[in-house]
Amino acid sequence: GVCQEYIAAGVLLIVLGIIALELLDRTLSAMIGASLMIGLLVLLNKTPNLKTIISWCDEGTLGLLFGMMVIVSKLSLTGFMDLMTYKLIPFCNGSKYRLLYILCAITAVMSAFLDNVTTVLLVAPLTVSLSRSLKMNPLPFLTGEVLFSNIGGTATLIGDPPNVIVGSRLSDDLTFLDFIISLGPAVVLMSLPCMLVIVSYYRKELSGPLNNVEDLVKKSNEGIKDPELFSYCMICLLMVLFGFLLHPVHHVNPAWIAISGAILLLIFSSPHDIEPALESVEWSTLLFFASLF
């Protein structure tokens, strides 16, 4: 009865505390919590079968994240992110502030249409590399990217795991466009004060002009590493996004659209060797959410 609910709530709070304090790996913490919950059910003679346990997982959320991870992993192989980063330099006019604004804006937009965890994994290494080339502290830019990945991811159905969970549970009532219309204005409003906080806090690190700009401008003349794969990625990604927008018409779960796009991309790009694409999937993240469910 009530005692059981308190015990379950206590286990949940302990797991969340361990995750927040980073005492253990977050996926391991979630798995321990899930195991404890199942163990309590066994002690209470309410042992669930495997089918029931699997039904507790939100397959819509896990499927959507998996599909988008495959597409993004393929896109990262094309050199698109590197090229886009180097192309930004001429627009900065030697200003670190302007570089910060551009990187944060790109991160926010990418996080809205990819998942924000994957976006940070793509953008952060490039930012560190860029900072080393320009001989500047990467911390202000990384901090901005982390904040704006969460801000931008809030705007759409697929940008943030909580949005994915809500959208998959209410797929008949909330569409991809509903998220943008409802949350888009709030995202725009919160962007300005967050940027002001970053700029004021890192005023010292952002002072002074950019260095070694000429070397990076030369790199911006390089093209996409794999144009054919890039074209496949963009076609599949646009088809997936278009499918999300048409949800009020076809009422297909967004997870199926994302997985279908990933499968189609694998068929065109690497039909005989999909292991590298599967290895790049963040299985720990998927297992983390499955354990929390």
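To start, this report covers the structure provided alongside it.

Calculation notes
Residues numbered from 1 in each chain as written. Predicted model: local features only at pLDDT ≥ 70, side-chain atom pairs only at ≥ 80, totals over all residues. Heavy atoms only, no water. Helix = DSSP H or I, 4+ residues; strand = E, 2+ residues; numbered from the N terminus. Buried < 20%, exposed > 50% of the residue type's maximum accessible area, 1.4 Å probe, protein only. Lys, Arg positive; Asp, Glu negative; His and termini not counted. Salt bridge = Lys/Arg side-chain N within 4 Å of Asp/Glu carboxyl O. Polar contact = N/O pair within 3.5 Å; in protein donor to acceptor, adjacent residues only side chain to side chain. Contact = heavy atoms within 4.5 Å. 1 Å grid on protein atoms, 1.4 Å probe; cavity = no way out; pocket = protein on both sides within 12 Å on 5 of 7 lines; lining within 4 Å. Points joined across faces, edges and corners; volume = space filled by probe spheres on them. Nonpolar A, V, L, I, M, F, W, Y, C, P; charged D, E, K, R; others polar. Axes fitted to C-alpha atoms, helices over the stretch in contact; angles between N-to-C directions. Parallel < 35°, antiparallel > 145°, perpendicular 65-115°, else oblique. Left-handed = near helix turned anticlockwise from the far one by under 90°.

### Section: the side chain of K96
Mapping K96 onto the fold places it in helix α6 (residues 96–113). Although buried, K96 forms no salt bridge, and the nearest oppositely charged side chain, E205, lies 9.0 Å from it. There is a polar contact of 3.3 Å between the side chain of K96 and the backbone oxygen of S207. Beyond its immediate stretch of four places on either side in the chain, K96 contacts M136, F141, E205, L206, S207, G208, P209 and L210.

### Observations concerning the environment of L44
Turning to its location among the elements, L44 is positioned in the loop between α2 (26–43) and α3 (50–56). A relative accessible area of 38% places L44 in the partly exposed class. C-alpha separation for the pair L44 and I259, spaced 215 residues apart in sequence, amounts to 38 Å.

### A few points about the layout of surface pockets
Put simply, the largest pocket is a space of about 540 Å³. Every residue lining the largest pocket is counted, 23 residues in all, and those nearest its centre are G33, A34, M37, I38 and W56. If you list the elements that add at least two residues to the lining of the largest pocket, you get α1 (2–21), α2, α3 and α16 (283–292). By residue number, the principal contributor to the lining of the largest pocket is α2, which donates seven residues. Here the lining of the largest pocket is composed, by residue class, of 19 nonpolar, three polar and one charged.

### Digging into the packing of α6 against helix α7 (residues 116–133)
Each pair of packed helices can be summarised by the angle the axes make with each other and by the distance between the axes. Running from amino to carboxyl end, α6 crosses α7 at an angle of 155 degrees, the nearest separation of the two axes being 9 Å. Taken as axis vectors, α6 and α7 run roughly antiparallel relative to one another. Along this stretch, α6 crosses α7, giving a crossing that reads as right-handed. The residues of α7 that touch α6, namely those facing L99, L103, T107, M110 and S111, are N116, T119, L122, V123, T127 and L130. A class-by-class count of the residues in the contact of α6 with α7 yields six nonpolar, five polar and no charged.

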